[in-house]
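# Understanding the architecture of this molecule
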Amino acid sequence: SWAVNNLGKKVAKRDLAPGFMVQHMVKDLRIALEEANAMGLKLPGLELAERMYALLLEHGYGKDGTQALVIALERLSEEQVAS
């Protein structure tokens, strides 16, 4: 996939330079959640993604690329992805 081929390399190098910033992803995910709630939809995957990206935003990664998601995964699992 495009994400694996492009962002996977950045994750491996710990390159968090943005293509699409975490702060914009959080904004978009929150809009999607608001719309889902307005329609009475429960979307647990969307809720989880919003929580994980929001965690990054809270820890100062808002201007980094969405591949910074690996940081949230590492924090939650207490493991570091090998580089």
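In case you missed it, the structure is sitting above this.
Cut-off values and rules
- Residues numbered from 1 in each chain as written.
- Predicted model: local features only at pLDDT ≥ 70, side-chain atom pairs only at ≥ 80, totals over all residues.
- Heavy atoms only, no water.
- Helix = DSSP H or I, 4+ residues; strand = E, 2+ residues; numbered from the N terminus.
- Buried < 20%, exposed > 50% of the residue type's maximum accessible area, 1.4 Å probe, protein only.
- Contact = heavy atoms within 4.5 Å.
- Areas by Shrake-Rupley, 256 points an atom, 1.4 Å probe, with all protein chains shown as cover.
- Lys, Arg positive; Asp, Glu negative; His and termini not counted.
- Charge placed at Lys NZ, Arg CZ, Asp CG, Glu CD.
- Axes fitted to C-alpha atoms, helices over the stretch in contact; angles between N-to-C directions.
- Left-handed = near helix turned anticlockwise from the far one by under 90°.

A few words on the overall build of the chain. Scanning the chain for helices and strands turns up 4 helices and 0 strands. Reading the helices (α) and strands (β) of the chain from amino to carboxyl end gives α-α-α-α. Expressed along its principal axes, the backbone C-alpha trace of the chain runs to roughly 40 × 25 × 25 Å. By the burial criterion, 30% of the 83 residues in the chain qualify as buried. Here the analysis covers contacts within the chain between residues at least 6 apart in sequence; of these, 65% occur between residues at least 24 apart. Accessible surface for the chain amounts to roughly 5500 Å². Of this, 59% is attributable to carbon and sulfur atoms. Separation of charge centres in the chain, based on 10 positive and 11 negative side chains, amounts to 6 Å.

The next point concerns the side chain of Thr-66. The topology assignment puts Thr-66 in the loop between α3 (44-58) and α4 (69-77). Non-local contacts of Thr-66, meaning those with residues more than four positions away in its chain, are made with Leu-7, Phe-20, Met-21, Val-22, Met-25 and Tyr-53.

Attention now moves to the packing of helix α2 (residues 22-38) against α3. Relative to each other, α2 and α3 sit at 150 degrees, their axes nearing to 9 Å. Considering the relative orientation of α2 and α3, their crossing is left-handed. Across the interface between the two elements, Val-22, Gln-23, Met-25, Val-26, Leu-29, Arg-30, Ala-32 and Leu-33 of α2 pack against Leu-46, Glu-47, Ala-49, Glu-50, Tyr-53, Ala-54, Leu-56 and Leu-57 of α3.

Next up on the list: the environment of Gln-67. Topologically, Gln-67 is positioned in the loop between α3 and α4. Here the alpha-carbon distance between Gln-67 and Met-21, two residues 46 residues apart in the chain, equals 9.1 Å. If we skip the residues at most four places from it in the chain, Gln-67 touches Leu-7, Lys-10, Val-11, Asp-15, Leu-16 and Ala-17.

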